[in-house]
Every structure is written in structure tokens, then in C-alpha cells.
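Read off the chains here:
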Amino acid sequence: MEKIKIKQASVKKYRKDYPLIQDIDLVTYPKELPKGWVSFYTQNEEFIGYGYLGKQNKGIGWLISFKENQPLKPAFFSKLFNEAKQERQSFFLDESTTAFRLFNGEGDGLGGMTIDWYDGYLVISWYNETIYGLKHEILKALQQSGIPAIGIYEKVRFKKDGLQDSSFLWGEKAPEPLIVKENNINYATYLNEGLMTGIFLDQRDVRRELSEGLSTGKTLLNTFSYTGAFSVAAAYGGATHTTSVDLAKRSLEKTKEQFEVNGIDGDKQAIIVMDVFDYFKYALRKEMTFDIVVMDPPSFARNKKRTFSVAKDYGKLTYEAAQLVKQNGLLIASTNAANVSMDKFRSMVENGIKETGRTFSLSAKYHLPTDFKVSDTFKEANYLKVLFYNIK
């Protein structure tokens, strides 16, 4: 096992079980990253922990075990997976929700990968090349953990020539679509259609609010709507009408399907394929307003007309969206941008509302749901930020 040395100035945080390795933490950055497990030591040859080096957007590696007598053997990983399963027993027993995060990377003890449960099927996401190269060892440990999987799929979330971004790995293939439940609402998912499945599981708590009274008797505008999950939750919860806007052409067919699997007539809802900023201009010209406006854009997006970045452009987005909120209506602002703190996000949103000249108050705040476990030693992994604003 290759030995990697950590700079003395960085040792203190790792003594507190901090898991993420950055390049500035290393005494010497290897020309080629080791392909397997490594051990981390101080410059004084004191043991820090076991882990691996693998470049991804967060950093260049992960510490996994901090005990010198606990090397990274298959039994160690089986124990991690089994513990994650036990911690989510309430989800396994909940018949109203059959899709959730089963293993949340470093939050459950192994950074660089996640596992989602889709009604008996597992979807593993690999976030760097090193952990992907160790997948056979990890899969064996997963299968020995007692998790009752029917089939396993994988998503490769890093770039490497020759690798498919989505593949079926083991067991029985899932039906297409695979209908899963969330808070008793049906969602059509496809486990082997690119990197996305049809629903973002981390927004469950927000969709619950929409489906359990928040949207009753109200109109809703869902921007960057993808497959319309917020719209479906609102319609299920008694919204009088929903409007879903997304630039991707597939969103029309996918959103209709989500309504239909819940017995809701998608033709009676507005599903619009259009750039969201162009839709804002159109809606303002038509003097259209909504009781609830939802903004959940990708962290970064580019089309022929413009480039959008949460870190730079969310304030402008908020200004445009807030103008379409009815008096005493609700603006739901969301982002999964890990590089934007909650304080900065809140500032961007509130400055955008202020530019409209309207008054507002913050009524609710959400982070990741409980199945997306976050370690106390790595709280920045709680990337989801959702703010509810009442606008006068």
C-alpha cells in the first residue's frame, strides 16, 4: 500500500476525522495518482488514516478509515453498507416512499460514491476514476452486506473516454418505466437513460410540502422543470393549475408521463419547452402571475443564447421570477451548488427580490433530507439549499 504524506499544516483537520483530501494538503503531488488504497501519514511518519486519491470536483481523494488496525478490507465495506441499511430501516418500512438515498458517500463513510434505492433496484454513482477502478471489490462487499437488491445499475459521473455514463451491472433489469412512490405520489423512472433517472431524490421534503396542503387551490409555475416533479406534487396536492417550463424537448413527454402515472390529465396542465428567461419576458408581456413560483436551476447551464451560473446569475433569475409571484404569493428558491454557501445564496435571492421593490419574509428553509446523511466532520456536504419566501 502506497504511503502518502500530509503537510504538517493540514494534519489538525484530519485528526478530527475530516475526510476530503485537497492537493494543497499533500507534501508531494504524485505525477500519477495511485490506482488503489493508500495510507496517509504526517511528515513525521505518524499514521493518519487509510483512503485513496481520486480527482473529482470536490478534491483529489478521501480518507475512509482513521484507525491503523482497520485497513480497507471487504469486511470493512460490508459493515459500512450494512450500517447504512440499518439507519434507513424507516424508509424500507415506509410503503408510501419506495425511492431514497441508501448510501450517501462520505456521510456513510466512503467518499466518491453513492447508492440510491429504487423499489428494490440499486443505482450506484461513481464520482472519480479511482473508486470506479475498485468497483468489483466494492460490489462484492455490497452483495455480502445483506441489502436485498433485485438488480444493480451504475452511473459514471466523471469523464473518461470509452466509458458509458450509464450501465446495467447485475441481477434483473428494471421495467421501463419503473414506477416508484414518494409520499404516495407515483414517479416514472428510467434507471439506464443517461445520468438522470427522472426524479431528484434530494427534493423529497419540498415536494412533500407542495403535496400536503401548500399548493391547494393555487397556481404554480415550475421553472427548469425537468420531468415536472414539483408540478406533479402540486397537482396531487390540489393545485388548480401548474405550468412547467424547461428548454429540453424531452421535458414535454416526460412531464406528461409523470402526470399520467398519477391519473392526472397532463393535457390540462401547461408544459412549455422554452428558455426560462424567454418565458419570463413572455409572461410579463401577458401580465401572467402565479401563487407559487419554483426556481431550481442547474448549477451551470449553457445554450445558444446564454450561459447561466448559480454563483453569478441567481440574483438576476430571482428578480425575473419574483415579478411573476402574485401578491401574498410564494417564491421557492433552490440550488444544489456546493460552491455557494447558504449565506451567499440567501443574499443573492433577497437582493433579487428587493430589486422588484416588493417586501418579503422568509418562511421556511430546507437542506438535504435525512437519508442523505451528512457527517458532522464534513458539514459542507449538505449542498442543498431551499428557501421559501412570502412576497407581498
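Refer to the preceding data block for the structure.
Not measured: the values here are computed from a predicted model. (Residues numbered from 1 in each chain as written. Predicted model: local features only at pLDDT ≥ 70, side-chain atom pairs only at ≥ 80, totals over all residues. Heavy atoms only, no water.)

Undergrad: So what exactly am I meant to see when it comes to the packing of aromatic side chains here?
TA: Where two aromatic rings form a pair, the distance of their centres and the angle of their planes describe that pair. For the coordinates displayed, the defined rule picks out 24 aromatic pairs. Aromatic side chains Tyr18 and Phe378 sit 5.4 Å apart centroid to centroid with 70° between the ring planes, which places their arrangement in the edge-to-face category. Here Tyr18, found in the loop between helix H1 (11-15) and strand S2 (20-21), pairs with Phe378, found in the loop between strand S20 (360-366) and strand S21 (385-391); they are 360 residues apart in sequence, far enough to count as distant. With a relative accessible area of 3%, Phe378 lands in the buried category. Both rings, one in Tyr366 and one in Phe388, keep their centres 5.3 Å apart while their planes meet at 45°; by these two values the pair is tilted. Of this pair, Tyr366 sits in strand S20 while Phe388 sits in strand S21, and the two are 22 residues apart along the sequence. Its end group placed over the ring of Tyr187, Arg207 keeps NZ or CZ at 5.7 Å from the ring centre. The lysine or arginine in question, Lys254, covers the ring of Tyr190, its NZ or CZ lying 3.8 Å from the ring centre. (Phe/Tyr/Trp six-rings, centres within 6.5 Å; stacked < 30°, edge-to-face > 60°. Helix = DSSP H or I, 4+ residues; strand = E, 2+ residues; numbered from the N terminus. Buried < 20%, exposed > 50% of the residue type's maximum accessible area, 1.4 Å probe, protein only. Lys NZ or Arg CZ within 6 Å of the ring centre and 35° of its normal.)

Undergrad: Can you help me understand helix H7 (residues 229-236) in this one?
TA: One turn of an α-helix holds 3.6 residues; hence residues three or four places apart share an orientation. Taking burial as the measure, the eight residues of H7 include seven buried ones, the bulk of the element. Where H7 is concerned, the buried positions are Ala229, Phe230, Ser231, Val232, Ala233, Ala234 and Ala235. The elements touched by buried residues of H7 are strand S12 (185-189), helix H6 (204-214), strand S13 (219-223), strand S14 (241-246), helix H8 (250-260) and strand S16 (290-295). Remark: Gly238 follows H7 within two positions and exhibits a positive phi of approximately 100°. (Contact = heavy atoms within 4.5 Å.)

Undergrad: Looking at this structure, how should I read the nonpolar core?
TA: One finds Phe77, Phe81 and Leu110 to be the most contacted residues of the largest nonpolar core, which totals 51 residues. For Leu110, the residues in contact, after removing those within four places along its chain, are Ile64, Phe77, Leu80, Phe81, Phe103, Gly105, Ile131 and Ile138. Core analysis: the second largest hydrophobic core is formed by 37 residues, Val180, Ile199, Ile332 and Val386 among them. (Core = buried A, V, L, I, M, F, W, Y, C linked by side-chain atoms within 4.5 Å.)

Undergrad: What am I meant to see in the pairing of strand S9 (residues 151-156) here?
TA: In terms of burial, S9 is largely enclosed, as six of its six residues are buried. Neither face of S9 is exposed, since Gly151, Tyr153 and Lys155 on one face and Ile152, Glu154 and Val156 on the opposite face are all buried. As defined by bridge partners, strand S8 (residues 121-126) adjoins S9 across six bridges and the pair is classed as parallel. Bridge assignment links Val123 to a residue of S9, and that residue is Tyr153. (Pairing = 2+ DSSP bridges.)

Undergrad: What's the story with the pattern of salt bridges in this structure? I'm lost.
TA: Pairing between side chains of opposite charge can happen when the charged atoms of each approach one another. Overall, the coordinates contain 19 salt bridges when judged by the stated rule. Of the charged contacts in the structure, one is a salt bridge between Glu45 and Lys5, with a shortest N-O distance of 2.6 Å. Placement of the pair is Glu45 in the loop between strand S3 (38-42) and strand S4 (47-53) and Lys5 in strand S1 (residues 2-6), with a sequence separation of 40 residues. Using a relative accessible area of 39% as the deciding quantity, one classes Glu45 as partly exposed. Its salt-bridge partner being Asp116, residue Arg101 comes within 2.3 Å of it at the nearest N-O pair. With Arg101 in strand S6 (residues 99-104) and Asp116 in strand S7 (residues 113-118), this pair connects stretches of sequence that are 15 residues apart. We classify Asp116 as buried; its relative accessible area is 8%. Among the ionic contacts, a cluster of salt bridges with common partners joins Lys3, Lys5 and Glu45. (Salt bridge = Lys/Arg side-chain N within 4 Å of Asp/Glu carboxyl O.)

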